Amino acid sequence: MKKFFGLVLSSTLLPLCLSTFLPFYLSTCLYAWQQDGVIISTEVNSQNSPQIISDGSGGAIITWIDYCSDSSGDIYVQRVNSVGAVQWASNGVPICAVATNQNAPQLTGDGAGGAIITWCDYRSDSGNIYAQRVNSDGWVQWTSNGVGICAATGSQYIPKTTSDGSGGAIITWQDHRDGSIYSDIYAQKVNSAGAVQWTSDGVPICTAANGQSSPKIISDGLGGAIIAWDDNRNGNWDIYAQKVNSAGVVQWAVNGTMICVEAGNQEWSRIISGGIGETIIIWSDSRNDDGDIYAQKVNSDGVGQWAPNGIEICVAAREQHTVEMTIDGLGGAIITWRDYRNGSNYDIYAQRVNSGGAIQWMLNGEQICTAANDQHSPRITSDGLGGAIITWQGYRGGKWDIYTQKVNPVGVVQWAFNGVGICTAINNQYSPEITNDGAGGAIITWEDNRNGNWDVYASRINSVSTYKTKVGNASGWRWGYALCPSDTVLSGCATYWQWLPWTPGSGRKVPQGDANGWVWGNE
């Protein structure tokens, strides 16, 4: 199991830092990011289902379900800055703490360093949609415990949200107001002051026969949104999409435009911007076998730009699913997924498709992680340089941990083979989520069981990663802490720190200066 640290510090700060952190496991003095992550919330009982966005200043805003005071679950939020220091109340700010269950939180930025959070809320009946805004200082801005977005009869759940570009948000969800066993798709806009802007309880996006589920949403850049969903109107699951303008009027065909209506099932759609006025949609597709990955681009009028029913992203043997994607900065996308092609365990693969729908990397994807045992829950963010950073949970050493990998624009992985361990603490870590840090790196959050109940932690990895994978040295692991970024031996650095050799039972050591560069060994 690899141990690591990474940060770039100004050499002028070194004397101050040395006097402060030598006795303290490198966790203080201008640097709060720690091995295995910083605490977002370790309150009593459990915290789970974290979601994350950038705060626009190199840090992140994280929301989650919290059971510290309500066994049914409340919604909390925390901000962590670029150096890993939490900015708001210890263990988070309560967004909604009313009785009964609140779940499925999602969030989007408010454009001013804060966030708008939406969730499914059971305070009144079988489930409604609520939202709350929190400013950059951690103060809630709207009605205590949230404003009602939809309180129609029946159940409303699985909300998703995007910014409206003016400090508000557009929210979509699954809706059972018609009393049938099938759900429809609705949406609502809420402005920066917390006032809903469209028809009370939302405008219908799709009310076609049978069921529609799992809506996904992005901004259209003009105060409206584009929504994609899984659709069963034809007796099997297909992919449809709709555009709604800033006034809440749908712009494409009634009940949505067809994205893919091939044989078999098409499910688990994801959506991103494909450039000005264009949208890329991906999904898992069983037209051929157990499940492949396909994609389509549509223009501002909802017209498909690539092959009818989508282009092949991966059609390798066996199943591929749990698909996610991010922009490549040039009108294309970088896509990642969970892959069972080897027939024995799940791996992580990725592929890039350009703005014209041409595959850019190896046929059926580049290997991101093919380590022994299973890899699950891949998530991805742009590195801002045409590549991407991918995170996932991997089963190694008899437990689940959090790993990450960077892939450059031409599909070459940049960090340790099979990924860098972001958190390998005791017990299990699940469900990573990721956002970019605005500097070529990423901030990752996850559910963490190291303390015996589920907590929320986060960590940042920088763009060049001082987390190395090298071998050779019988004296045991030396845990590194670099004061300049490099992907090679750190010769030429003004100052260089590494940990003293570790032996079983000795615990962590005080750092000791060494001008000779990294020394690595086996734990």
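Residues numbered from 1 in each chain as written. Predicted model: local features only at pLDDT ≥ 70, side-chain atom pairs only at ≥ 80, totals over all residues. Heavy atoms only, no water.

Mind laying out the overall build of the protein, listing which residues take part and the relevant values?
Secondary structure summary: the protein contains one helix and 35 strands in total. Counting over 523 residues, the protein shows a buried share of 59%. Put simply, of all contacts in the protein between residues at least 6 apart along the chain, 46% involve residues at least 24 apart. Entry remark: accessible area of the protein is about 19100 Å², with carbon and sulfur atoms responsible for 51%. (Helix = DSSP H or I, 4+ residues; strand = E, 2+ residues; numbered from the N terminus. Buried < 20%, exposed > 50% of the residue type's maximum accessible area, 1.4 Å probe, protein only. Contact = heavy atoms within 4.5 Å. Areas by Shrake-Rupley, 256 points an atom, 1.4 Å probe, with all protein chains shown as cover.)

I'd love a proper account of the pairing of strand β6 (residues 102-109), names of residues and values included.
The two faces of the sheet receive side chains in turn, since in a regular strand these alternate between them. Across six bridges, β6 lies against strand β7 (residues 115-121) in antiparallel orientation. Across the sheet, Q106 pairs through a bridge with T118, a residue of β7. Linking β6 back to β7 in an antiparallel pair, the connection comprises five residues, with G111 at a positive phi of about 80 degrees. (Pairing = 2+ DSSP bridges.)

Pulling in residues and values, what's your account of the pattern of salt bridges?
Under the counting rule described, the total for this entry stands at 17 salt bridges. Among the ionic pairs, R133 bridges to D110, the shortest N-O distance being 3.0 Å. With R133 in strand β8 (residues 128-134) and D110 in the loop between β6 and β7, the pair connects residues that are 23 residues apart, well separated along the chain. For K297, the salt bridge identified is with E278, shortest N-O distance 3.3 Å. Linking K297 in strand β20 (residues 292-298) with E278 in the loop between β18 (266-273) and β19 (279-285), this pair joins segments that are 19 residues apart in sequence. Judged by its relative accessible area of 2%, K297 is buried. Within this structure, R270, E324, R379 and E433 form a network of salt bridges that share partners. (Salt bridge = Lys/Arg side-chain N within 4 Å of Asp/Glu carboxyl O.)

Lay out unusual backbone geometry in plain terms, naming residues and giving numbers.
Within the chain, N255 stands out as a residue other than glycine whose phi angle is a positive 70 degrees. Phi is positive for S377, which is not a glycine, with a value near 55 degrees. If you trace the backbone, S377 turns up in strand β26 (residues 375-382). Classification of S377 as buried rests on a relative accessible area of 18%.

So what's going on with the side chain of D70? Residues and values would help.
Summarising the element assignment, D70 is placed in the loop between β3 (60-66) and β4 (74-80). Summary of buried charges: D70 has no salt-bridge partner, and the nearest side chain of opposite charge, R123, is 10 Å away. In this structure D70 touches V98, A99 and T100, once residues within four positions along its chain are discounted. (Lys, Arg positive; Asp, Glu negative; His and termini not counted.)

Don't take any of this as a statement about function, it's just geometry.
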